[in-house]
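As a plain string of letters, each chain reads:
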Amino acid sequence: MRGHSFHQAVVLLRGERAVFSGRFDARKCRVAPAVCDYTMLLPLLERVKEKSAHFLVTPKTWARSGAAPQCGTSFAPEAASIPQRAPLPGEQYRFHFDMTKCIGCKCCVVACNEQNGNPADINWRRVGEIEGGWYPNTHRSYLSMGCNHCMEPTCLEGCPVDAYSKDPVTGVVLHSAEACIGCQYCTWNCSYGVPQYNAERGVVGKCDMCHDRLGEGRAPACVSACPEEAITIEIVNIAEWKREYTTNANAPGLPSADDSISSTRITLPANLPPDTRKADFYRVKPEDPHWPLVAMTVLTQFSVGAFVTIWLLQMLGKTTRLGVAALVSLLVAGLALSASTLHLGRPIYAYRALKMWKRSWLSREVLLFGCFSCVAFLYATLLWLKLPGSLAIGALTSMLGAAGVTASACIYLVPARPAWNSKRTVGGFFLTGMLLGPLLAASLGIGERRWLNLAIVVAAAGHLLNKAGKFFWLTASDSFELQASARLLSTTLASSFLGSGVLLCLGGIILPLFVPTWAGACASLFIAFAGEVLGRYVFFVSVVPKNMAASYLSAVKAAA
């Protein structure tokens, strides 16, 4: 077949309930539309027809009955797959997935990708595997999941540009690629891993229940393509579902529906083994390091810590080189803000991130650090020119910087990333500033070195205790995600994790105590900064997100 595999043709034809068997030439077919209805074809099937491909289809109804197929048989109606009316006030559409019917063929995945034009590595609908039992009485089931169109969608709540909306009539959670700036914050907020970032386009995308097809009275692509009719669309009463979702929305291999109140109803097989869990339970891998965010978070905290240190020294009567220190700190802030735009898929639209400051912590971070930079510039100018009013402006700079660090930390306090969702994240962000700020002052030769070294040692010791406390918290937890993060830190990431601690100890404790010189201060700053960058890298890659079950074989092995 030209350009398309035999398997794809069979998959899509079965999904549309085709009625032909044997060799078929689309050009020669002259059957009346009433007999061979093509009104619900998927794009791939239309292209297969145009290329005059030959294919073989054996619908399951004929295979079970043993009757010979006939070209005069009509398509099966989709009335049972989609509602025959629109939702009333207080209702919405939802998916119903019947696990007892799913055979794991991934026809729904192929159809979804074809319908939405996604590459093979981006799947808005995924099929995972769950297994349990003891030999020889083992059991494996399949879990097909798109977007759950939650009652309280966390992707919508965290978006800084208001790219998400929940349709007031259908309840479908929609995403606007035009409004999206590619910050990927929604991918951290969703417990199911539904929104997926498309690096080529620079935006996020997700399942929208094929709302255009539904508006035309047609079933979504995944529903049409399923040969076992395991996926259907239903109408649900929102108030009733909020009372009963814990029973019908949760399943082995899925995170708890409590985070966002998933609307998907799942029918489970009877007598599932009690130890049923993800087939990929033991396969844990590091996450994306997000290097622009590593640079941005460390540098913003460095700058804030430096300005706070400068202001405190000014309050204590120090005036020497404060202007130089302020200009260096301002340069660090500028580098931080520049690095932050590199994380966006569409950096030219970065200004849109200010839009949702009333709701999104990311918008608040952008707003607060923007204000901090402007006021810090004024503060540095006043110090450099030795003009009056600098002390008050310094206090405002310090407050805005502290608020910005708080907002930055709150971005990561999301239930879908349990290892981040801790007060230790906030503590770690502030301790970075408390360590690097005095180190900068010491390296520039301002302030009393003895007191600066004391502040440095206290901050470094607190940082080490915070890291150790987090690791012990992870290991002692009963949560799979937290235990998996601890496993990464003690195996795959052990060298990076221990290395960050060694650099922190050397640059923040040993050198300040035993080499209290200008050269020692410069070396301490360089080493401690390297330790902070390495530690922030570990922070990003060691988090294990909540997600649905995946396949037993990894994507790389499956492709091979």
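All values derive from a computational prediction rather than experimental measurement.

Q: Mind showing me how you'd approach the overall build of the chain here?
A: Looking only at helices and strands, one finds 19 helices and 10 strands in the chain. Looking at the chain as a whole, 54% of its 560 residues are labelled buried. Considering only residue pairs separated by 6 or more positions, the chain has 75% of its internal contacts joining residues 24 or more positions apart. Roughly 25200 Å² of accessible area belongs to the chain as shown, and the carbon and sulfur atoms make up 62% of that amount.

Q: Looking at this structure, how should I read unusual backbone geometry?
A: Glycine aside, a negative phi is what most residues show, and trans is what most peptide bonds show. A cis geometry characterises the amide bond from Tyr-135 onward to Pro-136, with omega recorded as 5°. Positionally, Pro-136 belongs in the loop between strand 2 (126-134) and strand 3 (137-145).

Q: Quick question: what am I supposed to make of the pattern of salt bridges here?
A: Side-chain pairs of opposite charge can arise where the charged atoms are in close proximity. All told, the structure shown has nine salt bridges when counted by the stated rule. Glu-131 is the partner of Arg-140 in a salt bridge, and the nearest nitrogen-oxygen pair spans 2.4 Å. Of the charged contacts in the structure, one is a salt bridge between Glu-234 and Arg-265, with a shortest N-O distance of 2.4 Å. Taken together, the residues span a long stretch of sequence, with Glu-234 in strand 8 (residues 231-237) and Arg-265 in strand 9 (residues 265-267) at a distance of 31 residues.

Q: Could you clarify how one ought to interpret the sheet that holds strand 9 in this entry?
A: Within a beta sheet, neighbouring strands are joined by backbone hydrogen bonds and run either parallel or antiparallel to one another. Taken in spatial order, the three strands line up as 8-1-9 in an open sheet, and their pairing is mixed. Each edge of the open sheet carries a strand with a single partner, namely strand 8 and strand 9. For this sheet, the mean inter-axis angle between neighbouring strands, taken without regard to orientation, is 30°. By the bridge criterion, three bridges tie strand 1 (residues 91-98) to strand 9 in an arrangement that is parallel.

Q: I keep staring at the sheet that holds strand 2 and nothing clicks. Help me out?
A: With respect to topology, three strands assemble into an open sheet ordered 3-2-10, the strand pairing being antiparallel. Unpaired on one side and paired on the other, strand 3 and strand 10 (277-278) mark the two borders of the sheet. Summarising the sheet, strand 2 and strand 10 pair through two bridges and their orientation is antiparallel. Each bridged residue has a counterpart across the sheet, and for Glu-131 the counterpart in strand 10 is Arg-277.

Q: Help me out: how do you make sense of the state of the cysteines in this one?
A: Disulfides are covalent bonds that connect the sulfur atoms of two cysteines. What the rule picks out here adds up to zero disulfides. Considering cysteine sulfurs only, Cys-222 is the nearest to Cys-210, which forms no disulfide, with 6.2 Å between them. Under the relative-accessibility criterion, Cys-210 is labelled buried at 12%.

Q: Is there a simple way to think about the packing of aromatic side chains in this case?
A: Pairs of aromatic rings are described using the distance from one ring centre to the other and the angle between the two planes. Taken as a whole and judged by the stated rule, the model has 21 aromatic pairs. For the pair Phe-307 and Phe-372, a centre-to-centre distance of 5.8 Å together with 85° between the ring planes defines the contact as edge-to-face. Of this pair, Phe-307 sits in helix 10 (residues 291-315) while Phe-372 sits in helix 12 (residues 361-385), and the two are 65 residues apart along the sequence. Judged by relative accessible area, which is 2%, Phe-372 ranks as buried. Taken together, the ring pairs in this structure connect Tyr-185, Trp-188, Tyr-412, Trp-420, Phe-429, Phe-539 and Phe-540 into an aromatic cluster. Directly above the aromatic system of Tyr-349 lies the positively charged group of Arg-352, at a separation of 3.9 Å from the ring centroid.

Q: Which parts of the structure should I look at to understand the pairing of strand 1?
A: Most of strand 1 is tucked away, with eight of its eight residues classed as buried. The two faces of strand 1 match: Glu-91, Tyr-93, Phe-95 and Phe-97 on one face and Gln-92, Arg-94, His-96 and Asp-98 on the other face are all buried. Relative to strand 8, strand 1 runs antiparallel, the two being bridged by seven bridges. Along strand 8, the bridge assignment pairs Phe-97 with Ile-231.

Q: Mind showing me how you'd approach a nonpolar patch on the surface here?
A: Taken together, the side chains of Val-324, Leu-327, Trp-384, Leu-385 and Leu-387 present a nonpolar region at the surface, about 450 Å² in accessible area. Residue assignment for the nonpolar patch shows that the elements contributing at least two residues are helix 11 (322-341) and helix 12. Mapped onto the elements, Val-324 comes out in helix 11. You can call Val-324 partly exposed: its relative accessible area is 37%.

Q: Where do I start with the nonpolar core in this structure?
A: One finds Tyr-164, Trp-188, Phe-372, Tyr-412, Leu-435 and Phe-540 to be the most contacted residues of the largest nonpolar core, which totals 89 residues. Among the elements that take part in this core, helix 10 stands out by supplying 12 residues, more than any other. Discounting residues that sit within four places of it in the chain, Leu-435 has contacts with Ile-456, Ala-459, Ala-460, Leu-504, Gly-508, Ala-528 and Glu-532. Within the second largest apolar cluster, 43 residues are counted, among which are Tyr-93, Cys-147, Ala-251 and Met-548.

Q: What exactly am I supposed to notice about helix 11 here?
A: The terminal C-alpha atoms of helix 11, which comprises 20 residues, lie 30 Å apart, in line with the 28 Å expected from a rise of 1.5 Å per residue. Every buried residue of helix 11 is accounted for by Leu-322, Gly-323, Ala-325, Ala-326, Ser-329, Leu-330, Val-332, Ala-333, Ala-336 and Ala-339. Buried positions along helix 11 lie against helix 10, helix 12 and helix 14 (423-443).

Q: For this particular structure, what's the right way to read the side chain of His-463?
A: Looking at the element boundaries, His-463 is found in helix 15 (residues 449-476). Among residues more than four places away in sequence, those in contact with His-463 are Gly-428, Leu-431, Thr-432, Leu-504 and Glu-532.

Q: So what exactly am I meant to see when it comes to the pairing of strand 3 here?
A: Remember that side chains alternate between the two faces of the sheet whenever the strand is regular. The pairing of strand 2 with strand 3 spans nine bridges and is antiparallel. Bridged to Gly-132 within strand 3 is His-139. In this antiparallel pair of consecutive strands, strand 2 and strand 3, the connection spans two residues.

Conventions and cut-offs
Residues numbered from 1 in each chain as written. Predicted model: local features only at pLDDT ≥ 70, side-chain atom pairs only at ≥ 80, totals over all residues. Heavy atoms only, no water. Helix = DSSP H or I, 4+ residues; strand = E, 2+ residues; numbered from the N terminus. Buried < 20%, exposed > 50% of the residue type's maximum accessible area, 1.4 Å probe, protein only. Contact = heavy atoms within 4.5 Å. Areas by Shrake-Rupley, 256 points an atom, 1.4 Å probe, with all protein chains shown as cover. Salt bridge = Lys/Arg side-chain N within 4 Å of Asp/Glu carboxyl O. Pairing = 2+ DSSP bridges. Axes fitted to C-alpha atoms, helices over the stretch in contact; angles between N-to-C directions. Disulfide = S-S within 2.5 Å. Phe/Tyr/Trp six-rings, centres within 6.5 Å; stacked < 30°, edge-to-face > 60°. Lys NZ or Arg CZ within 6 Å of the ring centre and 35° of its normal. Patch = residues over 30% accessible without salt bridge, like charges linked within 9 Å, V, L, I, M, F, W, Y side chains within 5 Å. Core = buried A, V, L, I, M, F, W, Y, C linked by side-chain atoms within 4.5 Å. Expected span 1.5 Å × (residues − 1).

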